[in-house]
Amino acid sequence: QVPEGVSATVNYDGELLSWWEWKDISRATDKSLEKMELQKGAGWEKPEFDTVMTLSWQLKAEGGDAVLEQKTDCAVAMGSEALLPALEAGLATMKAGEQALIRIQPHARGTAEEYSLPDGVAEDAVLVYDVTLTSFETPPPVWKLKGHERLEWASKRKAEGNELFKKGKNERARKKYQSGIGYLESEYETTEQQRQEAQDLKTTLHLNVAAVDIKRGMWDEVIKSCTRVLKVAPQNTKALLRQGKAYNELNELLEAKRSLQAVLDQDGAPEVADARKEMAKVSKKVKAQDDKDRKAFGGMFSRVNLEKKEEPKETQVDIVPEVVTDSDEPPEGAQEPDGNLYFTEA
């Protein structure tokens, strides 16, 4: 204590025990998703897709004191639709035992279809989750599983994906299908029968990925998935149909006709009706392009003829463009392909 009336300089020795600051963890690095670590976690592993987590959280709007949502020791699987996607993205950066604040800007929440916020949350509210990741359990790595176990896990992922697909959760359904495919990449410790079952299941999963990507309009990805199927099953009509649809959407009409014709050549296949409808769309595009080319080239040839008329010493030659006809003109009432294009395998 400095005596009264005495002028002195006071020095303090201190130790900075911790430093809390917001860290930008958003994919776009625009601070739409930020994290502040309150307590360090242990180890190096972090939760991934399908990881089952035990966690607790408290949700508030930034600047407010009211608790909007509170959960304790909940078991939640990453990617199960139980959490706000932005919160999942924050959890993916955490370790077991870690406590952190996750701050989410309004435009980073995701759509209402992905997650329903609690009542009382304003549209423009910045959400702040105080979350503790108590522990998590990851699925067994593929290299630890035997042949029949890999088949079981892949079948489980397919069933989960189908349920999500039925609910319109296309992004997450796709992740489930891709996860299932991952279990089938290895043939270690598999019997001949298991290898055949794995190949059939992998074909189904690739077709389901293609069905999801048709819904998403990801035509290049549709072609990739169907090509993988056709490498081992060249006459698979579902793969040919979906590939033909994708080529048509990309205006690669020659490839589209080739794929669709391969379906039509397999008389009696369930996909023939849809292939015929899609082929009608392709033929209509081809005819429209032919008409456009005919007009363009016809005008050019007419100008050539006029120029030649002005040259009296040369013989006049009339060039008549070849008329291209297309016998595959679409029938009236051709409708959008359905059924086999968008249906995932059971």
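Relevant structure appears above.
Since the model is a prediction, treat every value here as computed from it, not as a measurement.

Now for empty space enclosed by the protein. Taken as a whole and assessed by the stated rule, the structure comprises one cavity of 30 Å³ or more. Of the volumes computed, that of the largest cavity is approximately 70 Å³. Looking at the largest cavity, the residues that line it are G147, R150, L151, Y183, L184, S186, E187, T190, Q194, R195 and A198. Contributing elements (two or more residues each) for the lining of the largest cavity: α2 (147-166) and α4 (192-216). Considering only residue class, the lining of the largest cavity consists of four nonpolar, four polar and three charged.

According to the stated counting rule, one finds 22 salt bridges in the structure shown. With a closest N to O distance of 2.6 Å, D50 and K176 form a salt bridge. Of the two residues, D50 is situated in the loop between β2 (33-39) and β3 (52-61) and K176 in helix α3 (residues 170-183); the sequence distance between them amounts to 126 residues. Accessibility classification places D50 together with K176 in one group, the buried group. Two residues, E221 and K224, come together in a salt bridge whose shortest N-O distance is 3.4 Å. A residue pair is termed a helical-turn pair when its members lie 3 or 4 positions apart in one helix, as E221 and K224 do in helix α5 (residues 219-232) at three residues.

Definitions and limits used
- For every chain, the first residue of the written sequence is number 1, and numbering continues from 1 onward in sequence order.
- pLDDT decides what is reported in this predicted model: residues at 70 or higher carry local features, side-chain atom pairs at 80 or more are listed and counted, and totals for whole chains, interfaces and linings draw on all residues regardless.
- Heavy atoms from the whole structure form the basis of all side-chain values; hydrogens and water molecules are not counted.
- We place a 1 Å grid over just the protein atoms. Points where a 1.4 Å probe fits but has no way out form a cavity, open points with protein on both sides within 12 Å along at least 5 of 7 lines form a pocket, and any residue with an atom within 4 Å of a point lines it.
- Grid points are joined across faces, edges and corners, and a volume is the space filled by probe spheres set on the points.
- Helix numbering and strand numbering both begin at the N terminus, where a helix is a DSSP run of H or I of at least 4 residues and a strand a DSSP run of E of at least 2.
- When residues are grouped by polarity, Ala, Val, Leu, Ile, Met, Phe, Trp, Tyr, Cys and Pro land in nonpolar, Asp, Glu, Lys and Arg in charged, and all others, Gly among them, in polar.
- One side-chain nitrogen of Lys or Arg within 4 Å of one carboxyl oxygen of Asp or Glu is enough to make a salt bridge.
- Relative accessible area decides the class of each residue, using a 1.4 Å probe on protein chains only: under 20% of the type maximum gives buried, over 50% gives exposed, and in between gives partly exposed.

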